[in-house]
Amino acid sequence: LKFIECRWQLAGRPTICLLLTEDLVCGEHFSKVLNLLVDLKSGLCNGIRVRVGRLQNLLSAGCLEHLDFAPQGYSVDFIPEPMREVKSMSDYSSLSDLSHCLMEAVTDKDFDVEPFKTQPTEEIIATLKNLPKAALYTQCRLLWLLYERHGVDFKIFDDVTVRVKLERVCRQAALSKTWRVVRYCAALLRKVVDSLAPSITSILVRGKRLTVGVFGGEEVIIDSPVTPNVIEEELYRVCFPHDILACVLQQELIIVLGHFISVEPELFIGILKVRIGWLIHALNLMMNFGNKEGNLSVYDLSPTDVKLLVRNLLSMKNFSQLYYEHLFFLIENDNQVMHFQIQFQFQCSEQRCNNVS
């Protein structure tokens, strides 16, 4: 707003249509959005006078500009119509209902898809229809079966395809912050981050090499700049058959590593090759170090938590705490702790031997 106030030289007032979505209202930035709405309602936002009203009432004082790039004789008929509520396909019609829906716990993480592999498609679709909407992980696993059998454009019911259903489940999982489901659906939809190529280039120009692939499986070495299409093809070729979730998480890690190597290059001193699959394995070991159940997974973390965990691993932050936890745990169960100690020291030695694990 400050920039527009200083630079606006056209006739009429700049008009902005602010759209309130579920992500803004139910997301983590709701308090900031609420403060913005309060400022707009008061008529003074960051020291700038603003006016809030209906679009029809603001158009008379707004700015109408000719589009120079439009061909001659081409007219754009803009007839504003009053906003009206459309029929919702969900079970909630107000923001209060939405908040209750998003608070439902998803407890189907341990869903076993094996019994459904021998069932016909009709039974899988019937099961999918009867599932509660909160069972997001079960839905995406059943959608994976349909994806494997018939492809992403297969119609499940009416005009809803596997692709459309995956998009809906992914969006609902993002609202409820079920990150495992978000990554699973994104991998099935073969989503790729646009800024992968610049991040890879940032790593390569500093003399590092990069490998993508799963731990203990095939890896592809990237030692020269590549196009986004090549990145997508290689990433999904080596990761998708072994670990579907790794296809998306490795993209996140490439972005994180590209950021850290630009702002904190000292974290990569002595490292010549960054092995993304080994890095995921090391992050899981670090999370489960001292955990008796060993059921924690980096796939369940938010992107922000993943970024923080990667930095802690590269900077060896809290490693002394891990050592003391190891000594305490050694008294309880000697054999199990020795197993963790050997694995964790192996990962650290790999990091210092020019391979991030």
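Residues numbered from 1 in each chain as written. Predicted model: local features only at pLDDT ≥ 70, side-chain atom pairs only at ≥ 80, totals over all residues. Heavy atoms only, no water.

- As recorded in an unreviewed UniProt entry, the protein goes by Phosphorylase b kinase regulatory subunit and comes from Trichinella pseudospiralis.
- Of the protein, the UniProt comment under Sequence similarities (unreviewed entry) reads exactly: "Belongs to the phosphorylase b kinase regulatory chain family." (UniProt positions renumbered as here; feature names shortened; annotations may be inferred.)

1. Focus on the pairing of strand β6 (residues 219–222)
Moving on, step 1. Side chains of β6 alternate between two faces, with Val-220 and Ile-222 buried and Glu-219 and Ile-221 left unburied.
Moving on, step 2. Here four bridges tie strand β5 (residues 209–213) to β6, and the two strands are oriented antiparallel to one another. Within β6, the position partnered with Thr-211 by the bridge is Ile-221.
Moving on, step 3. Following β5, the chain reverses through five residues before pairing antiparallel with β6; Gly-216 in that reversal takes a positive phi of roughly 80°. (Buried < 20%, exposed > 50% of the residue type's maximum accessible area, 1.4 Å probe, protein only. Helix = DSSP H or I, 4+ residues; strand = E, 2+ residues; numbered from the N terminus. Pairing = 2+ DSSP bridges.)

2. Here's the deal with the pattern of salt bridges
Moving on, step 1. Inspection of every chain in the model, using the stated rule, returns 12 salt bridges.
Moving on, step 2. A salt bridge links Arg-237 to Glu-234; the nearest nitrogen and oxygen atoms lie 2.8 Å apart. Linking Arg-237 with Glu-234, this pair stays in helix α11 (residues 228–239), spanning three residues, or about one helical turn.
Moving on, step 3. Using a relative accessible area of 40% as the deciding quantity, one classes Arg-237 as partly exposed.
Moving on, step 4. Ionic contacts of the salt-bridge type, sharing partners, join the residues Glu-218, Glu-234 and Arg-237 into one network. (Salt bridge = Lys/Arg side-chain N within 4 Å of Asp/Glu carboxyl O.)

3. Points about the packing of aromatic side chains
Moving on, step 1. Enumeration over the complete set of coordinates arrives at four aromatic pairs.
Moving on, step 2. Considering the side-chain rings of Tyr-137 and Tyr-184, the 6.2 Å spacing of their centres and the 75° angle between planes classify their relative orientation as edge-to-face. Of this pair, Tyr-137 sits in helix α7 (residues 136–150) while Tyr-184 sits in helix α9 (residues 179–188), placing them 47 residues apart in sequence.
Moving on, step 3. Residue Tyr-137 is classed as buried on the basis of its relative accessible area of 9%.
Moving on, step 4. Residue Tyr-184 is classed as buried on the basis of its relative accessible area, which comes to 3%.
Moving on, step 5. The interplanar angle of 70° and the centroid separation of 4.9 Å between the aromatic rings of Phe-215 and Trp-278 together place this pair among those described as edge-to-face. Note that Phe-215 is positioned in the loop between β5 and β6 and Trp-278 in helix α13 (residues 276–288), a separation of 63 residues in sequence.
Moving on, step 6. Every member of this aromatic cluster is reached through a ring pair, and the members are Tyr-147, Tyr-236 and Phe-240.
Moving on, step 7. Here the guanidinium or amino end of Arg-141 rests over the ring plane of Trp-144, the centre of that ring lying 5.3 Å away.
Moving on, step 8. Residue placement shows Arg-190 over the ring face of Tyr-236; its charged tip is 4.5 Å from the ring centre. (Phe/Tyr/Trp six-rings, centres within 6.5 Å; stacked < 30°, edge-to-face > 60°. Lys NZ or Arg CZ within 6 Å of the ring centre and 35° of its normal.)

4. Considering unusual backbone geometry
Moving on, step 1. Residue Lys-177 is not a glycine yet carries a positive backbone phi of 60°.
Moving on, step 2. With respect to the helices and strands, Lys-177 occurs in the loop between α8 (162–175) and α9.

5. Quick notes on the nonpolar core
Moving on, step 1. Within the largest apolar cluster, 77 residues are counted, with the highest numbers of intra-cluster contacts made by Leu-253, Leu-257, Val-298 and Val-310.
Moving on, step 2. The biggest single contributor to this core is helix α12 (residues 246–263), with 10 residues.
Moving on, step 3. Domain assignment of the residues forming this core places at least three in each of domain 2 (114–189) and domain 3 (195–321). (Core = buried A, V, L, I, M, F, W, Y, C linked by side-chain atoms within 4.5 Å. Domains from an automatic or database assignment.)

6. Observations regarding the state of the cysteines
Moving on, step 1. For the coordinates displayed, the defined rule picks out zero disulfides.
Moving on, step 2. Here Cys-140 stays free of any disulfide, with the sulfur of Cys-185 as its closest cysteine sulfur at 4.9 Å.
Moving on, step 3. Take Cys-140: its relative accessible area is 0%, and that puts it in the buried class.
Moving on, step 4. Distance from the sulfur of Cys-170, which forms no disulfide, to the nearest cysteine sulfur (Cys-185) is 5.2 Å. (Disulfide = S-S within 2.5 Å.)

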